[in-house]
Amino acid sequence: MKDYLQLLLENKAWAYEKEYINPDYFKEMAKVQTPRFLWIGCADSRVPPNEITGTLPGDMFVHRNIANLVVENDLSLLSVLTYGIKYLKIKHIILCGHYGCGGVASSMTDQSFGIIDGWLKGLKDLQKIHVNELKKVTDPAERTNRLVELSVLSQVEKLRNIKFIQETWESGQELYIHGWVYDMSTGLIKDLIQIEK
Ligand code: CO
């Protein structure tokens, strides 16, 4: 069978099961979304936000890109943040990186990946800032993982400095930014940082 046909079959089974358990499930779901969390994560197929956090459809507003980067002029991310915070009134932004991130690892090489090089430029700049600390880590996988953590801290800082986020805090609206790292080898998330202004 063609791989993609399996997806459509699985979808039918899933929809049937949901409706069997709760006949109003889709009627209720279609009415409105009231997610409690805004997730910014890597596009990596091994880091599915709902599955690793036990959340369900409707719980999480999601933005994903390669290496979970916050780029100040990224209209897509800024739109997700604006809609999620201003209109959906989400209180928790979760920026989640992951160990073994291919995007972070490739930013540490001299190899070119075409258009992706431009996207990963911020990670190259971050390496320059932390060059001495990173040089001390001799194992390449561990060095990547340290940059993964440094990047999460840096992306959280970038989020905090976005004008619209600052204005949200100034208005008295409750908003927390969390920096997490997911470990694919254990399935566990490390809680690195939480800020509330
Ligand atoms: Co990744």
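Below or above, wherever it landed, is the structure these notes cover.

Some points on the pattern of salt bridges
1) Next: Taken as a whole and judged by the stated rule, the model has ten salt bridges.
2) Next: A salt bridge links Arg-46 to Asp-44; the shortest N-O distance between them is 2.7 Å.
3) Next: Under the relative-accessibility criterion, Asp-44 is labelled buried at 14%.
4) Next: A salt bridge links Asp-125 to Lys-121, with the shortest nitrogen-to-oxygen separation between them at 3.0 Å.

Focus: the coordination of the cobalt ion
Under perfect tetrahedral coordination by four donors, a metal shows angles of 109.5 degrees; under perfect octahedral coordination by six donors, it shows angles of 90 or 180 degrees.
1) Next: Coordination of the cobalt ion by the protein involves Cys-42 (SG), His-98 (NE2) and Cys-101 (SG), with metal-donor separations of 2.0 to 2.3 Å.
2) Next: The exposure class of His-98 is buried, given its relative accessible area of 1%.

A short note on the sheet that holds strand E4 (residues 176-183)
1) Next: Across the sheet, five strands lie side by side as E2-E1-E3-E4-E5; this open sheet has mixed pairing. Each of the sheet's edge strands pairs with one partner strand only, and the pair in question is strand E2 (60-65) and strand E5 (188-195). Along the sheet, successive strands turn relative to each other by an average axial angle of 20°, direction set aside.
2) Next: In this sheet, strand E3 (residues 92-98) lies alongside strand E1 (residues 37-42) in parallel orientation, the contact comprising five bridges. Bridge pairing in E3 places Gly-41 opposite Cys-96.

Observations concerning helix H10 (residues 163-170)
1) Next: Among all positions of H10, only Phe-164, Ile-165, Thr-168 and Trp-169 are buried. Along the axis of H10, the buried positions cluster into a sector of 145°, meaning they face one direction only. Every exposed residue of H10 that faces more than 90 degrees away from the buried side is listed here: Lys-163 and Glu-170.
2) Next: Packed against the buried residues of H10 are helix H4 (75-87), E3, helix H9 (140-161), E4 and E5.
3) Next: Two residues or fewer past H10, Gly-172 is found with a positive phi of approximately 90°.

As for the side chain of Thr-144
1) Next: Looking at the element boundaries, Thr-144 is found in helix H9.
2) Next: With sequence-adjacent residues up to four places away left out, Thr-144 is seen in contact with Cys-101, Val-104, Ala-105 and Met-108.

Here's the deal with the packing of H4 against H10
1) Next: Two elements in contact, H4 and H10, have axes separated by 11 Å at closest approach and are oriented at 10°. When the axis of H4 is compared with that of H10, the two are roughly parallel. Packed against H4, whose contacting residues are Leu-81, Thr-82, Ile-85 and Lys-86, the element H10 presents Phe-164, Ile-165 and Thr-168 at the interface.
2) Next: Partitioning the contact of H4 with H10 into residue classes produces four nonpolar, two polar and one charged.

A word on the nonpolar core
1) Next: Ranked by size, the top nonpolar core spans 36 residues in total, and within it Leu-38, Leu-81, Ile-93, Leu-159 and Ile-165 carry the most contacts.
2) Next: Ranked by the residues each element gives to this core, the list is headed by H9, at six residues.
3) Next: Ignoring anything within four residues of it in the chain, the contact list for Ile-165 reads Leu-81, Ile-85, Ile-93, Leu-159, Arg-160, Leu-175 and Ile-177.
4) Next: Met-60, Ile-94, Cys-96 and Tyr-182 belong to the second largest nonpolar core, which has eight residues in total.

Brief notes about the pairing of E5
1) Next: Both E4 and E5 contribute to a ladder of seven bridges, which runs antiparallel. Counted as the bridge partner of Asp-183 is Leu-188 from E5.
2) Next: As consecutive antiparallel partners, E4 and E5 are separated by four residues, and within that stretch Gly-187 has a phi angle of approximately 85°, a positive value.

Rules and cut-offs
- Residues numbered from 1 in each chain as written.
- Predicted model: local features only at pLDDT ≥ 70, side-chain atom pairs only at ≥ 80, totals over all residues.
- Heavy atoms only, no water.
- Salt bridge = Lys/Arg side-chain N within 4 Å of Asp/Glu carboxyl O.
- Buried < 20%, exposed > 50% of the residue type's maximum accessible area, 1.4 Å probe, protein only.
- Donors = N, O, S within 2.8 Å, 3.2 Å for Na, K, Ca; no water.
- Pairing = 2+ DSSP bridges.
- Helix = DSSP H or I, 4+ residues; strand = E, 2+ residues; numbered from the N terminus.
- Axes fitted to C-alpha atoms, helices over the stretch in contact; angles between N-to-C directions.
- Arc of directions from axis to C-beta.
- Contact = heavy atoms within 4.5 Å.
- Parallel < 35°, antiparallel > 145°, perpendicular 65-115°, else oblique.
- Nonpolar A, V, L, I, M, F, W, Y, C, P; charged D, E, K, R; others polar.
- Core = buried A, V, L, I, M, F, W, Y, C linked by side-chain atoms within 4.5 Å.

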